[in-house]
Every structure is written in structure tokens, then in C-alpha cells.
Amino acid sequence: MNLSLKKCLISVLQAMIVSWSVNILKLASEFASSADVASVVRRIERFLLRGLVKQHEAARSIIDALPENSRFILTMDGTSWQLGKFKYYVLAVGICFNGISLPICFTFLPGHDITSFVEEIDIMERVVALIGHGRIECLLADREFGNSNFIKWLQINHIRYCLRLRENLFMRKEGQKKGRKLREVLSSLKLGESVVLHDVWLMRRNTKVRIYATRRTGRNGEESLIILASPLECDYTEAIYRKRWTLETAFRAMKSAGFNMEETHLGVKRFENMLTLLMIAAFIDGLVKIESLPIPMMKSRNVQRISIFRYGYVNLLHDFWANVKNEAAKPT
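Residues numbered from 1 in each chain as written. Predicted model: local features only at pLDDT ≥ 70, side-chain atom pairs only at ≥ 80, totals over all residues. Heavy atoms only, no water.

Lay out helix α4 (residues 55-65) with the relevant residues and their values.
Among the residues of α4, Q55, A58, A59, I62, I63 and A65 are the ones counted as buried. Burial along α4 is one-sided: seen end-on, the buried residues are contained in an arc of 165°. (Buried < 20%, exposed > 50% of the residue type's maximum accessible area, 1.4 Å probe, protein only. Helix = DSSP H or I, 4+ residues; strand = E, 2+ residues; numbered from the N terminus. Arc of directions from axis to C-beta.)

What follows is the structure in C-alpha cells.
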């Protein structure tokens with residue numbers, strides 16, 4: 001970047017921190033420029049369209065800020081984003097860390113709310129290119145990703161997984177020809193009980209998996225049957241699968257509890273670049289800050305008082321205003 005673009009990048013990040021929003025008009029009102037708001041809006045839009053900060057570069061910065069030689073639990077999930085009159089589906093993969101998922105890869109899928117195994121494999125190939133096979137502990141994902149094609153690809157690439165399966169999925173025991181719905185196989189499982197099916201169960205394409213199941217009461221008070229598929233040699237249970245929710249926590253931080261991402265009416269390309277800037281603005285700074293000053297804990301519940309996302313934001317805002325005060329105190 002030349003000096004003008006660097007100044008624009010810094011001004012956009014500062015405006016995001018101060019306004020706690022990614023709405024272009026709000027950013028323009030907090031922009032470090034004497035130009036009128038309409039001119040600043042056009043400047044920000046042109047900057048976002050160029051996409052000078054690449055997604056993989058921001059992801060690499062997040063990975064470099066994590067402990068060296070550590071193995072990562074990955075989470076995959078999708079969410080719908082309402083951007084003005086447009087609705088987009090975002091597929092993302094994050095790294096579980098400190099009670100939240102740090103998003104390192106995401107892709108926009110306009111026009112539909114579900115993904116194909118081709119799109120799932122594509123984003124995982126990008127993740128593997130970033131961190132390598134050796135640093136992946138396992139992948140966690142919900143029912144929409146528990147298909148035989150995707151699981152087969154994970155097995156071929158020696159990536160461990162813990163994926164939820166649908167209750168109406170047909171599977172069969174090894175050595176048998178007739179399949180049964182998992183709901184029927186687990187019909188005798190009582191509320192509060194868990195079980196591991198010791199027989200080897202096969203999905204389509206003769207994909208062998210280990211089945212763990214538990215029946216519990218859901219958030220709405222209704223019974224829910226959680227069925228998890230994992231490699232035969234793994235002993236994953238619901239305890240590790242719960243970490244999948246950390247990616248939804250990250251989505252919430254960027255939406256209603258964070259920078260209010262849905263306030264913007266940007267198109268896909270500009271919005272994708274804005275999301276990359278957001279990764280820089282809060283997640284990376286939060287990772288850097290906890291190395292010297294850990295997040296305070298609530299003793300009564302033994303949980304962190306704030307998320308790493310908000311921790312990064314609070315520290316950025318503190319540093320920004322401290323710099324403003326120092327500049328104001330200098331003699332003219």
C-alpha cells in the first residue's frame with residue numbers, strides 16, 4: 001500500500017472502533033478527514049472494493065498470534081446475514097480458543113441457505129493450506145455437514161471429526177445389507193442416557209463411522225436426540241461437540257453483540273473485505289492483549305467476564321483515546 005491507502009486503512013479501523021459499527025455513514029462521520037461525508041463514503045467504498053487486506057493474510061495473523069505448535073479444534077457453521085434488502089449465507093471455519101471461535105476462513109454463498117459437500121470441501125482445503133494437517137485436532141460441525149461425501153473426504157485426508165447426524169439418516173451395520181433410520185436404532189435410549197454403538201456402522205459409499213448418541217432435554221424443554229459420528233479410533237462425546245457453539249458466539253459478537261454487521265447495505269465483495277477488517281480490528285488485538293494481561297475471571301462461575309472479541313475492542317478503544325489525549329496535550 002502507498003501512504004494514502006495506509007492512512008485510509010487506519011482511519012477505517014479507528015472509525016469502526018469509535019462508532020462500534022460497520023455502517024458506512026457512521027464510519028464516515030467518525031473518519032479522520034476534513035472532507036464532507038459524501039466524499040468520505042465514496043472513499044471508503046472504493047477502498048473496500050479494492051480488497052487490499054486479503055482474508056488469508058488476516059487469518060495468518062490470527063494463527064501466528066496463537067501459541068506455537070498447538071493443535072486446533074476447528075468449528076464449521078453457516079449463518080444468514082441480512083444486508084439491507086439482500087440476504088446472504090456465510091459459511092465459516094474457526095479455531096476454538098478461550099471460549100470463542102476465531103474465524104479464519106469464510107465464504108459467501110448468495111441465493112441459498114444450505115451448502116453442498118463441494119463448498120464444504122473447498123473451504124476446508126483453504127484451512128488445510130493455512131495451518132496444515134498436523135495442527136488439526138478435529139473438526140466440529142452440525143447436522144447439515146454430516147453427509148457421507150464430506151466425511152469420506154475427511155477420512156481420506158486423515159482429519160479427525162465429530163459431526164452431528166440427522167435422526168432420519170439411513171445407516172447399516174457392517175455385514176448387513178438392509179439399512180435402518182438412526183431414530184429407530186436408538187429408540188430404546190432413555191432421557192439422560194448415552195450410548196456408543198459398538199458395531200461398525202456404514203453410511204453411503206461404505207463410509208465407516210463410530211456412533212455416539214445421547215438423549216437430553218433441549219433449551220425449549222423438549223427432548224432431543226444428539227447423534228455424533230466420528231472416526232472408529234476416536235472416543236469423542238457430547239463434551240467436545242458442545243464447543244461447536246463457540247462459532248455461533250463469534251457470529252453473535254459480530255452481529256447483535258458487536259459491530260452490528262447487518263447495519264451495512266454493502267454488496268458481497270465490499271462486505272467480505274469489511275469482515276476481513278473486522279477480524280483485524282478486534283480478534284487479533286484480543287489475542288495480543290491476553291499474552292500480557294489475561295481476561296479476568298468470575299470466581300462464582302469460573303468463566304471469563306468478557307469474550308476475547310470484546311476484550312480486544314475495549315483495549316483498542318482505550319489505546320485509541322489515550323493516543324488522542326496525548327496528541328491533544330502536545331503544545332501547538
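Just give me the short version of the nonpolar core, but keep the residues and values in it.
One finds L74, M76 and F150 to be the most contacted residues of the largest nonpolar core, which totals 81 residues. Membership of the second largest hydrophobic core comes to 12 residues, among which are C138, C162, L228 and Y236. (Core = buried A, V, L, I, M, F, W, Y, C linked by side-chain atoms within 4.5 Å.)

Quick rundown of the packing of helix α1 (residues 3-19) against helix α3 (residues 37-50)? Include the residues and the values.
Running from N to C, α1 and α3 point in directions that differ by 105°, and their axes come no closer than 11 Å. Of the possible angle classes, the one that applies to α1 and α3 is roughly perpendicular. Residues S4, L5, C8, L9 and V12 of α1 pack against R43, I44, F47 and R50 of α3. Here the contact of α1 with α3 is built from residues that sort into 6 nonpolar, 1 polar and 2 charged. (Axes fitted to C-alpha atoms, helices over the stretch in contact; angles between N-to-C directions. Parallel < 35°, antiparallel > 145°, perpendicular 65-115°, else oblique. Contact = heavy atoms within 4.5 Å. Nonpolar A, V, L, I, M, F, W, Y, C, P; charged D, E, K, R; others polar.)

Which residues make up the packing of helix α5 (residues 117-131) against helix α6 (residues 148-156), and what values do they have?
Relative orientation of the contacting elements α5 and α6 amounts to 25°, with a least axis distance of 9 Å. Regarding the angle of α5 to α6, the classification is roughly parallel. Crossing hand, α5 versus α6: right-handed. Two secondary-structure elements touch here, α5 through F117, E120, I121, M124 and E125 and α6 through N149, F150 and W153. Taken together, the residues of the contact of α5 with α6 sort by class into 5 nonpolar, 1 polar and 2 charged. (Left-handed = near helix turned anticlockwise from the far one by under 90°.)

Give a detailed account of the pattern of salt bridges, specifying residues and quantitative values.
For the structure shown, the criterion picks out 10 salt bridges. A salt bridge links E238 to R242, with the shortest nitrogen-to-oxygen separation between them at 3.9 Å. For E238, a relative accessible area of 8% corresponds to the buried category. Between R244 and E248 there is a salt bridge; the shortest N-O distance is 3.3 Å. Each of the salt bridges in this network shares a partner with another, and the network as a whole consists of D77, R244 and E248. (Salt bridge = Lys/Arg side-chain N within 4 Å of Asp/Glu carboxyl O.)

Which residues make up the pairing of strand β5 (residues 161-165), and what are the values?
Most of β5 sits inside the fold, with 5 of its 5 residues counted as buried. Residue alternation in β5 divides its side chains into two sets, Y161, L163 and L165 and C162 and R164, and both sets are buried. Of the pairings in the sheet, the one linking strand β4 (residues 136-141) to β5 comprises 3 bridges and is parallel in character. Paired with L139 across the two strands is Y161, which belongs to β5. One crossover worth recording links β4 to the parallel β5 by way of α6, and it is right-handed. Sheet topology places β5 next to strand β10 (residues 223-230); 3 bridges connect them, and they run antiparallel. Residue pairing for β10: L163 is matched across the bridge by A229. (Pairing = 2+ DSSP bridges. Right-handed = clockwise from strand over helix to strand, strands pointing away.)

Requested: an account of the packing of aromatic side chains, with residues and values cited.
Per the counting criterion, the structure on display carries 2 aromatic pairs. Ring geometry for F106 against F108: centres 6.4 Å apart, planes inclined by 80°, an arrangement best described as edge-to-face. On the accessibility criterion, F106 (2% relative accessible area) is buried. Overall, the relative accessible area of 10% leaves F108 in the buried class. With centroids separated by 6.4 Å and ring planes inclined at 5°, the aromatic side chains of F150 and W153 adopt a geometry described as stacked. Of the two residues, F150 and W153 both sit in helix α6, 3 residues apart, roughly one turn of that helix. (Phe/Tyr/Trp six-rings, centres within 6.5 Å; stacked < 30°, edge-to-face > 60°.)

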